[in-house]
There are 12 protein chains.
Amino acid sequence: MKDLTIYKTIELTGTSVTTIEDAVNAAIHRAHQTVKHLAWFQVIETRGNIEKGKVHHWQVTIKVGFALEGPTKK
Amino acid sequence: MKDLTIYKTIELTGTSVTTIEDAVNAAIHRAHQTVKHLAWFQVIETRGNIEKGKVHHWQVTIKVGFALEGPTKK
Amino acid sequence: MKDLTIYKTIELTGTSVTTIEDAVNAAIHRAHQTVKHLAWFQVIETRGNIEKGKVHHWQVTIKVGFALEGPTKK
Amino acid sequence: MKDLTIYKTIELTGTSVTTIEDAVNAAIHRAHQTVKHLAWFQVIETRGNIEKGKVHHWQVTIKVGFALEGPTKK
Amino acid sequence: MKDLTIYKTIELTGTSVTTIEDAVNAAIHRAHQTVKHLAWFQVIETRGNIEKGKVHHWQVTIKVGFALEGPTKK
Amino acid sequence: MKDLTIYKTIELTGTSVTTIEDAVNAAIHRAHQTVKHLAWFQVIETRGNIEKGKVHHWQVTIKVGFALEGPTKK
Amino acid sequence: MKDLTIYKTIELTGTSVTTIEDAVNAAIHRAHQTVKHLAWFQVIETRGNIEKGKVHHWQVTIKVGFALEGPTKK
Amino acid sequence: MKDLTIYKTIELTGTSVTTIEDAVNAAIHRAHQTVKHLAWFQVIETRGNIEKGKVHHWQVTIKVGFALEGPTKK
Amino acid sequence: MKDLTIYKTIELTGTSVTTIEDAVNAAIHRAHQTVKHLAWFQVIETRGNIEKGKVHHWQVTIKVGFALEGPTKK
Amino acid sequence: MKDLTIYKTIELTGTSVTTIEDAVNAAIHRAHQTVKHLAWFQVIETRGNIEKGKVHHWQVTIKVGFALEGPTKK
Amino acid sequence: MKDLTIYKTIELTGTSVTTIEDAVNAAIHRAHQTVKHLAWFQVIETRGNIEKGKVHHWQVTIKVGFALEGPTKK
Amino acid sequence: MKDLTIYKTIELTGTSVTTIEDAVNAAIHRAHQTVKHLAWFQVIETRGNIEKGKVHHWQVTIKVGFALEGPTKK
């Protein structure tokens, strides 16, 4: 078995009062605080809450992939 | 049977010449004119028309959920 | 068989460092350079790359439909 | 927010003893009696009942989209 | 076009603090107050809220089908 | 446990040189020769072969449901 | 080719006037009368009939897997 | 690597004012004018436009597969 | 970027010998022992083991969402 | 109704300690012992068991199609 | 609009008498003869033909993505 | 609530230059270094990179399930 990277994917929901892009960045920003090597994301679902006939905040769920570091040795 | 809220979901397509977010708000804005208690939405499909090599307008289909009021008495 | 238009659909991925809308327009802009009669698109997938805890660029895959012209005579 | 049309989609099941096309037209014909501005449809499911080893009637479920008129004013 | 029944489907979410079955019945009970000829349902999604490590209430979304009556005459 | 009917579903592909409806009926006709109590069907997939630029035959895959009889006694 | 078990999956719909669990057990109970080695099931669809504003009976479709015995010899 | 055929699949939408089958044939007929070796198709989506409470034309989207010829030599 | 909550979703399978609801609660009960702020769940899959012609235990897979606390500072 | 072949599809799960291909062949090999005219298969799901950090055996579920012979006469 | 790469995706089916991997490589090998800049692929479907109780050949359908070059100038 | 095992599922992507099976084993091998009680996996997606007209490496995404140990006491 050669030394090829293994990735793990987690699912996060970011929220924003402005845009879908901002909600995605909010989730990635938070993940970045505790997970290294974030590599890619995929939008899974775009939802939101409504108040007074307007989108109150966007809730965008993404899958985020990151490289796992090897344990033993390192 | 306890007094818990029942929600109904309808499907709308909003259009916008600018952004996906604007198309969603257009649909919610319209629904708000005739339906009370709009609570949440979910983006179902994002399409659009093309003219002269550019997006002419965005067509975003959403499901919109709202609480049903009880019918007088019962 | 009557003379009704036939459409073909191709799948493209546009990229943008700013927004989903911009990535879609980038793909359509490129298609417009070699394909005539672009008529509509549908967003199939929204992904992206992450660098330093931020979206580095958006990768939006769309299906683009266009009318096929008849092949000279027949 | 510009004055762009908003569409609503409803789901209907038409039935026919003859063809899928006829079942679709039956549903649209009925919707047309109470809803204005029907614009498009999409076939969602094709089912049917069987009697004596033959299709007894076709049940075709469609989504039907129509333009919403503005409420008071606009 | 023969006189075969046309059905309409609506989407409702019932809630219950006890069971999935109860949430479904709550939605159907409510629909029954304003819609005639309810005929069948299909469970679309089963979700719920959590409080203190327990399901607080179940939210079950169903599609409910009912026969449309002809509009006067036909 | 009360005496309520149990149904079994099988998957068949009927073929026809003429129509989708005919291909469905061909499959049901064949099933009827060896299975009793056929009750309903659902179209799963519509495919076909092409020869000389025309549909040569339609291949329509359906799920067919039928009531199971109780095995002697019960 | 080593002697590893092969499984077959069939699709059944059980019905019950009380619960989803009861409908599943009804289908499995029936399958058990004619099929050996039933091993697992998966719920595929939960539907039902409505009468007088209540669920009249639940119709739960499951896939049921069972080990195939070798045909004489092998 | 042995000399086994490679197939390519393209997506087309045929239109017809009469039937689904006719719309499929229209798309295949057009593809046949510029692509050799058309082998099979699969119906992906059946939609249509409505005018005056009737289907105005059917729009059937199919995937069409055809064998690729080797490029000179190989 | 405003201070809006970010949620993480994990996937768990709870088991129960009695009901689907009990299996869901078992999974949530376990998650509650090590994860704070559990907020919602969604049923993803309902399976089970069969022994002697009866459901031996239910295996219900859910997605469970919970609010992420900010890491030091923010 | 012309004499065109009708196909039936069954679902099997083959297992193998070595490869996905071998698991598929195991299922087909077993089906071949009791069913004539096996024609095609489609991989539906690829799963497996893990022991000591390795795949212990592969479980590949396939749909297998075969031509139905006419019952006496026709 | 910045100079970011646009990708196109095509769908191919490769065949092999030996393995799934070989069928994928066969399709990519063929595409490489006429398309530049092949970048990635995704397996869409794994099917095959059966003869004499064995897989006769594997048919693996993949989506293949490649970078589009700019058309002269612009 | 009885003492029945609860499982957690995580999503990993293994890579390999040789086979799909090897990529799956690489992901499981890595998970085994930090997670106990790995029990099963399911293949979710099979992708890969292309270089010089050949698969450069396979990227296989799997869901891996493992039993959760009880947290002290319970």
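Residues numbered from 1 in each chain as written. Chains lettered and ligands numbered in written order. Predicted model: local features only at pLDDT ≥ 70, side-chain atom pairs only at ≥ 80, totals over all residues. Heavy atoms only, no water.

Caption draft 1: Quick look at the overall build of chain A. Across its full length, chain A carries one helix and three strands. When the helices and strands of chain A are listed from N to C terminus, the series reads β-α-β-β. In summary, chain A has a C-alpha radius of gyration of 16 Å against a globular reference of 11 Å for 74 residues, an excess of more than 25%. Across its three principal directions, the C-alpha atoms of chain A cover 55 × 20 × 15 Å. (Helix = DSSP H or I, 4+ residues; strand = E, 2+ residues; numbered from the N terminus. Rg over C-alpha atoms; globule rule 2.2 N^0.38 Å.)

Caption draft 2: Structural context of the environment of valine 64 of chain I. Tracing the backbone through its elements, the reader meets valine 64 of chain I in strand β3 (residues 54-67). Each C-alpha atom of the pair valine 64 of chain I and threonine 46 of chain I lies 15 Å from the other, and the pair is 18 residues apart in sequence.

Caption draft 3: Highlighting the side chain of threonine 9 of chain I. Turning to its location among the elements, threonine 9 of chain I is positioned in strand β1 (residues 7-16). Residue classification places threonine 9 of chain I among the buried residues on the basis of a relative accessible area of 10%. Setting aside anything within four residues of it in sequence, one finds threonine 9 of chain I in contact with Glu11 of chain A together with Trp40, Lys63, Val64 and Gly65 of chain I. (Buried < 20%, exposed > 50% of the residue type's maximum accessible area, 1.4 Å probe, protein only. Contact = heavy atoms within 4.5 Å.)

Caption draft 4: Representation of the relation of the copies chain C and chain A within the structure. Turning chain C through 120 degrees and shifting it by 0.0 Å along the axis lays it on chain A, with an RMSD of 0.0 Å. The superposition of one copy onto the other is thereby described by a three-fold rotation axis. Closest approach to the rotation axis among the C-alpha atoms of chain C is made by isoleucine 20 of chain C, whose C-alpha sits 5.0 Å away. Here only 13% of the interface residues in chain C have copies in chain A that are interface residues too; the copies meet through unlike faces. (Least-squares fit on C-alpha atoms with pLDDT ≥ 70 in both.)

Caption draft 5: Structural context of the interface of chain C and chain A. Between chain C and chain A, the contact holds 15 residues from the first and 14 residues from the second. Sorting the residues of chain C by area buried against chain A places Ile50, Gly53 and Trp58 of chain C first, and these three jointly supply 43% of that buried surface. Inspection of the region where chain C meets chain A yields zero salt bridges. Between chain C and chain A we count six residue pairs in polar contact (both at pLDDT 80 or more) in total. With six residues, the top contributor of residues to the side of chain C that touches chain A is strand β2 (residues 38-51) of chain C. Examined bridge by bridge, strand β2 (residues 38-51) of chain A and β2 of chain C share three bridges and lie antiparallel to one another. (Buried area = accessible area lost by both parts, 1.4 Å probe. Salt bridge = Lys/Arg side-chain N within 4 Å of Asp/Glu carboxyl O. Polar contact = N/O pair within 3.5 Å; in protein donor to acceptor, adjacent residues only side chain to side chain. Pairing = 2+ DSSP bridges.)

Caption draft 6: Summary view of the interface of chain A and chain B. Taken together, the contact pairs 15 residues of chain A with 14 residues of chain B. At the boundary of chain A with chain B, total buried surface from both sides reaches about 1200 Å², with 61% on carbon and sulfur atoms. When residues of chain A are sorted by the area they lose upon contact with chain B, Ile50, Gly53 and Trp58 of chain A head the list and together hold 43% of the total. Taken together, the links from chain A to chain B amount to zero salt bridges. At the surface where chain A touches chain B, the tally comes to six residue pairs in polar contact (both at pLDDT 80 or more). Looking at the side of chain A that touches chain B, the elements with two or more residues in it are α1 (20-32), β2 and β3 (54-67) of chain A. The element contributing the most residues to the side of chain A that touches chain B is β2 of chain A, with six residues. Among the residues forming the side of chain A that touches chain B, the class breakdown is four nonpolar, six polar and five charged. (Nonpolar A, V, L, I, M, F, W, Y, C, P; charged D, E, K, R; others polar.)

Without other data, these values stay purely geometric and don't point to any function.
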